[in-house]
Amino acid sequence: MAFDVQNEVSDETLLVLYGNGDAAASRALTLRLTPRVLGYASRILNDPAEAEDVAQEAMLRLWRIAPEWRQGEAKVSTWLYRVVANLCTDRLRKRRSVDIDSIAEPEDDAPGAEAQLQAASRAKALEEALQTLPERQRQAVVLRHIEGLGNPEIAEVLEISVEAVESLTARGKRMLTAALSGRREELGYGDG
Amino acid sequence: MVMVDMHDKDQELELFFAAARDDAPVPSDDLMARVFADSVENMPSGAGIVPAPLVKDGVVTRFLKAIGGWPALAGLATATMAGVWIGYSAPAGLATVTGGVLASSDTGYDIVDLIPSMDGFLMEGGA
């Protein structure tokens, strides 16, 4: 796309330009950040429609903070991930209070799961396994291993210590390994 | 042995993570359009223009503005000082100028008798 050429311009610079009424900057930010925001929300919520709502809401908050953005204090992406994390937490909380049964059963126990898995990719298997993790572990693991953030940045996003991040990701990975180990053969990861 | 096993498991898990990264959800055109529409709707207009200060100008500032600022004041000061200098300095130079143009009084105003015999004629005529 035409705005790929702006990749060397930082998110913060684009946000400041947007704050000064630059429409091209808003288009570039939309193209650059919306996929990341949606990706993160999708993996935490496992619901495409809800993830889209969260992505739009998070981006809306970004547009609104632009005029007051304090440069050099936080990375735009870190701030945005934090907004998404909080929005997802709110959604999951509501989901729990409204329909607690819907998440009590992990999807891998659902009828027909085997047939579905034969055609499903590893990504799908991981997505399902992620849903079995406690929310904070899921957020930490997704940010670390899928979004590719460093531990200090994850600590900022989740507003916890770096040590807590390390603990969350370590436990999360152990749980994922356990959840996926039963499917190794189905997914082509036999003992060999 | 346990370390090696954990390393293998990490590697295996990393394959799942890599697959998930490659399988990132792509935002629909509708979502992108909605996000962009929000950005346009919430775009701050003219935020880059610094508003004029509300503090009222003092007498000196208003005078300076009326004459065109500090450069104009510098010109005005120079002209004033030149006027003062011209007014107070000794007018010695003028004597030099007039002396150059006109002959000095002791040579320039000699009485020359152009018609010396006139008195004689009058006297003779009168006698």
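Our structure's up above, just so we're on the same page.
These lines cover the structure that appears in this document, whether it is placed above or below. (Residues numbered from 1 in each chain as written. Chains lettered and ligands numbered in written order. Predicted model: local features only at pLDDT ≥ 70, side-chain atom pairs only at ≥ 80, totals over all residues. Heavy atoms only, no water.)

## Here we look at the interface of chain A and chain B
On the chain B side, the residues contacting the 39 residues of chain A number 29 residues. Around 3100 Å² of area is buried between chain A and chain B when both sides are counted, 68% of it from carbon and sulfur atoms. The interface formed by chain A and chain B holds one salt bridge in total. As a salt-bridge pair, E52 of chain A and R34 of chain B come within 2.9 Å of each other at their nearest N and O atoms. Put simply, chain A and chain B have twelve residue pairs in polar contact (both at pLDDT 80 or more) between them. When residues of the side of chain A that touches chain B are traced back to their parent elements, those giving at least two are helix 1 (11-19), helix 2 (23-45), helix 3 (48-65), helix 6 (122-130), helix 7 (135-146) and helix 9 (162-181) of chain A. Of all the elements, helix 2 of chain A adds the most residues to the side of chain A that touches chain B, at eleven residues. Looking at side-chain class alone, the side of chain A that touches chain B contains 19 nonpolar, eleven polar and nine charged residues. (Contact = heavy atoms within 4.5 Å. Buried area = accessible area lost by both parts, 1.4 Å probe. Salt bridge = Lys/Arg side-chain N within 4 Å of Asp/Glu carboxyl O. Polar contact = N/O pair within 3.5 Å; in protein donor to acceptor, adjacent residues only side chain to side chain. Helix = DSSP H or I, 4+ residues; strand = E, 2+ residues; numbered from the N terminus. Nonpolar A, V, L, I, M, F, W, Y, C, P; charged D, E, K, R; others polar.)

## Side note on unusual backbone geometry
Residues and elements named next belong to chain A. Look at N46: it is not a glycine, yet its phi comes out positive at around 55°. One can find N46 in the loop between helix 2 and helix 3. According to the relative accessible area criterion, N46 is partly exposed, its value standing at 25%. Phi at E159 takes a positive value of approximately 55°, unusual for a residue other than glycine. Relative to the helices and strands, E159 resides in the loop between helix 8 (151-158) and helix 9. (Buried < 20%, exposed > 50% of the residue type's maximum accessible area, 1.4 Å probe, protein only.)

## Things to note about the nonpolar core
Residues and elements named next belong to chain A. Of all hydrophobic cores here, the largest spans 59 residues; its most connected members are Y40, L126 and L176. Both domains that meet at this core, namely domain 1 (1-99) and domain 2 (114-183), each give it at least three residues. Residue contacts for Y40: discarding those within four places in its chain leaves Y81, V84, A85, Q139, V142, L143, E147 and L158. (Core = buried A, V, L, I, M, F, W, Y, C linked by side-chain atoms within 4.5 Å. Domains from an automatic or database assignment.)

## What to know about the pattern of salt bridges
Residues and elements named next belong to chain A. Applying the stated rule across the entire model yields eleven salt bridges over all chains. For the salt bridge of R43 with E147, the shortest nitrogen-to-oxygen distance reads 3.9 Å. With R43 in helix 2 and E147 in the loop between helix 7 and helix 8, the pair connects residues that are 104 residues apart, well separated along the chain.

Functional significance is not addressed by these values, which are geometric in nature.
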